[in-house]
Every structure is written in structure tokens, then in C-alpha cells.
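Close look at the chain arrangement
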Amino acid sequence: MDRKLRMGMVGGGRDSLIGPVHRIAAQMDSKIELVCGAFSSSPEKSRLSGQDLLLPPERVYGTYEEMLLKEAQLPNGDGMDFVSIVTPNNMHHPVAMAALEAGFHVVCDKPMTMDLEEARDLERKVQETGRLFCLTHNYTGYSFPQFLGGVFAERSGPTPFS
């Protein structure tokens, strides 16, 4: 690819603990740029968060539904490529479902859903749309879990961290 991937974010605005963590992680290899967001359930807080992040006002949305609709309508190559979901846990499922339905790939913070029924629903939507779905687990990139993964692998076989 000859350009950075364009990320939209739902949640993660002012006063968010996890939003900045995900933005930093996404930009660590310099291949992803934040281009838009609906950063809060409060449209005003979302707008202020967009200002903090130096985003153009027209790419900062009051709701995730508005963001998905407007980003999908942008000319090919101008809209976001994927959405990063860093909302409170109970919002992961509805936002992911809407993003997939709108044709966007999804990167979602853990937990994926609140229950097995929602997880199966999401799995069906991923299969139906053919979009990618990625679930993040924050600690897998840290050195200590990787070290422990190696120790456990020596004793009992490979682990997700080894």
C-alpha cells in the first residue's frame, strides 16, 4: 500500500483512559493515521476531542451512526478504511455491527461482546459482509507477558503470548 491506513475512532475522547493508548499503539509503526471520529456520546465532548486531536471539524461527528453514514459517502480513497472501537464495553456490539453493515473493517477493544449471543451475531455479520474484524488485547505487546509466554511454552507448549 502506498499510503497510510485511515482510522476512524468511536469513543476515546476527552477524559478517556483507553483512547489515547489505542491512538498511540495505532501510530507506532507510522502506517496508520487518525482521520475522523465520534469520540463521545456527547456531541459537544466529541467536537472538543476532535479539536484536541487537530482533526478537521467536518470529520468530527456527534454520533457513530453519523460518522459511518458520512464516511461511507466520501469518494473512494477519502474516507476511513477502518473503525477502532474504544467505547464502554456494552457499546462494542452495536457499534461493530453498524460499522460492518456500513462496509467498514473493525478493530475492537476487548471484550468483543457482552455475551455469547452477541458474539455469534457478530460472527454472522463478519461472514455476511466479508469485512475484517480484529479484537485487541492490550497486554500482548508488552515484554513481560511475552516473557511469561516463553516460560509457559517451555513447560507446556505454545501460548498466545509466545
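What comes next is a walk through the structure. (Residues numbered from 1 in each chain as written. Predicted model: local features only at pLDDT ≥ 70, side-chain atom pairs only at ≥ 80, totals over all residues. Heavy atoms only, no water.)

1. Regarding the pattern of salt bridges
Here the structure, examined in full by the defined rule, presents ten salt bridges. A salt bridge links Arg124 to Asp121; its shortest N-O distance comes to 3.9 Å. Taken as a pair, Arg124 and Asp121 lie in helix H5 (residues 116-129) at a separation of three residues, close to a single helical turn. Linked through salt bridges whose partners overlap, the residues forming this network are Arg3, Arg6 and Asp81. (Salt bridge = Lys/Arg side-chain N within 4 Å of Asp/Glu carboxyl O. Helix = DSSP H or I, 4+ residues; strand = E, 2+ residues; numbered from the N terminus.)

2. What about the nonpolar core?
Core analysis: the largest hydrophobic core is formed by 21 residues, its most contacted members being Met67, Leu68, Met80, Val83 and Val106. Of all elements in the fold, only strand E2 (32-38), helix H3 (64-73), strand E3 (82-86), helix H4 (92-101), strand E4 (105-109) and H5 reach the threshold of two or more residues within this core. Once residues lying within four places of it in the same chain are set aside, the contact partners of Met67 are Met9, Val10, Cys36, Gly37, Ala38, Tyr61, Met80 and Val83. Residues Met7, Met9, Val60 and Phe82 belong to the second largest nonpolar core, which totals ten residues. (Core = buried A, V, L, I, M, F, W, Y, C linked by side-chain atoms within 4.5 Å. Buried < 20%, exposed > 50% of the residue type's maximum accessible area, 1.4 Å probe, protein only. Contact = heavy atoms within 4.5 Å.)

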